[in-house]
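An overview of the molecular structure
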Amino acid sequence: MKITLTANKKVKPDFSKLGFGKYFTDHMLVMDYKDGAWQEPEIIPYGPFQMDPSTCVLHYGQGIFEGLKAYKDANGKITMFRPYDNFKRMNRSATRLCMPELDVDKVVEALKELVLVDQDWIPTEPGTALYIRPTMIAYDAMLGVHPAHNYKFFIILSPVGSYYASGMKPTKIMVEDKYVRAPLGGTGEAKCMGNYATSLLAGDIANKKGYEQVLWLDAQEKKYIEEVGAMNMFFVFDGVVKTPELVGSILPGITRDSVIKLLKYYGKPVEETRVSLDEIQENIEKGTFNEAFGSGTAAVISPVGTLNIHGEDVIINGGEMGEITSFLYDRLTGIQYGRYEDPFGWIVRVN
Ligand SMILES: *Cc1c(COP(=O)(O)O)cnc(C)c1O
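Please read these numbers as outputs of a predicted model, since none were measured by experiment.

**Considerations on the overall build of the chain**
Within the chain, the regular secondary structure consists of eight helices and 19 strands. On C-alpha atoms alone, the chain measures out to a radius of gyration of 21 Å, which is about the 20 Å that the 2.2 N^0.38 rule sets for 351 residues. Overall, the C-alpha framework of the chain stretches about 60 × 55 × 35 Å when taken along its three principal axes. Going through the 351 residues of the chain one by one, you find that 50% of them count as buried.

Okay, here's the thing in structure tokens:
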């Protein structure tokens, strides 16, 4: 692979105050699709693209992305969490958006090279990681609505902080009654840019009311739980963990899949099923609504302390993180950071 190193390395930020997605490393990977084929990937200095103002993605949103993390331990061993699954999902998103598929093995190998080139940027403080953002955009410069013939794939890297700077703080979430995220047959299960654009208004309204995120309901009946912003949802009712089944409008999270596999591995009851607002209400009334949490790459496991349903706040587990939630957080981050054995083959070594 062609690698062009930068002559101007950036000054690194304070790794104890990273936040999320604010800093980018010195290099990036780019690969163009033209004449019906992916060209060779290249590593080049991080920097802006020159784009024609008519470039398709800017007008019609034909673009998809992924998110995963790399970790470095005290001995300098670098690993990634389930990267093959991310690029397999990217290929499913690509198919839905009429975009070309990637060679998964080749892209993972190229990504390893990129991570090695910028390995000094991988933070090692507890809870920090190198966030990896692969993206694919339609690159034709013309305004007719059509699947593009040219695409640009790129990967950028961002050192990110612990999501829980002040300890694990349970979030406040509002059930969204008016707007919907994705109808059946839509793009809900693809990680595409447009899904986020259309979710911003509801999120903004919820923020102004003091809630961090919205909990989306199904678009047809507004009865069933789908997911939260960039996280899948789990509920614990009377000791049984339930998560909405993947009906087609829900993003199939890799963290979600990891949580289900971990629960099964430890013999804990878990069901992929429809979860209705009625079932939540029933469990509130019976006092059996034990816990709720979200799962996603950025936060890993995020406890929900308050759920606003039709204007009423429900406090879950006294607003504290529950037992199953903290067990899962410990197990999953333990595997990711190498504190625990990985019986699942999720950890991929980079060096
Ligand atoms: C990426 C994403 C998730 C979480 O997926 P992970 O693979 O666990 O990071 C959940 N919901 C949406 C809408 C997403 O875009």
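**Considering the side chain of T288**
Mapped onto the elements, T288 comes out in the loop between α7 (277-286) and β16 (289-296). Apart from the residues within four sequence positions on either side, T288 is in contact with V236, F237, D238 and N283.

**Regarding the environment of T128**
Structurally, the position occupied by T128 is in the loop between α3 (104-117) and β8 (129-138). Spatially, the C-alpha atoms of T128 and G345 are 22 Å apart, while their sequence positions differ by 217 residues. For T128, the contacting residues outside a window of four places in its chain are F15, L18, Y71, P123, V160, G161, S162 and Y337. Polar side-chain contacts of T128 include one of 2.6 Å to the backbone oxygen of E125.

**Quick look at the pattern of salt bridges**
A complete count under the given rule lists 14 salt bridges for this structure. E109 is the salt-bridge partner of K112, the closest N and O atoms lying 3.1 Å from each other. Placement of the pair is K112 and E109 together in helix α3, with a separation of three residues, close to one helical turn. Put simply, K208 and D204 hold a salt bridge, and the shortest N to O gap is 3.0 Å. Within this pair, K208 and its partner D204 are both found in helix α5 (residues 200-208), separated by four residues, close to a single helical turn.

**A short note on α7**
Of the positions making up α7, those classed as buried are L277, E279, I280 and N283. For α7, the angular spread of buried residues about the axis comes to 160°, placing them on one side. Of the exposed residues in α7, the ones pointing more than 90 degrees away from its buried face are E285 and K286.

Calculation criteria
- Residues numbered from 1 in each chain as written.
- Predicted model: local features only at pLDDT ≥ 70, side-chain atom pairs only at ≥ 80, totals over all residues.
- Heavy atoms only, no water.
- Helix = DSSP H or I, 4+ residues; strand = E, 2+ residues; numbered from the N terminus.
- Rg over C-alpha atoms; globule rule 2.2 N^0.38 Å.
- Buried < 20%, exposed > 50% of the residue type's maximum accessible area, 1.4 Å probe, protein only.
- Contact = heavy atoms within 4.5 Å.
- Polar contact = N/O pair within 3.5 Å; in protein donor to acceptor, adjacent residues only side chain to side chain.
- Salt bridge = Lys/Arg side-chain N within 4 Å of Asp/Glu carboxyl O.
- Arc of directions from axis to C-beta.

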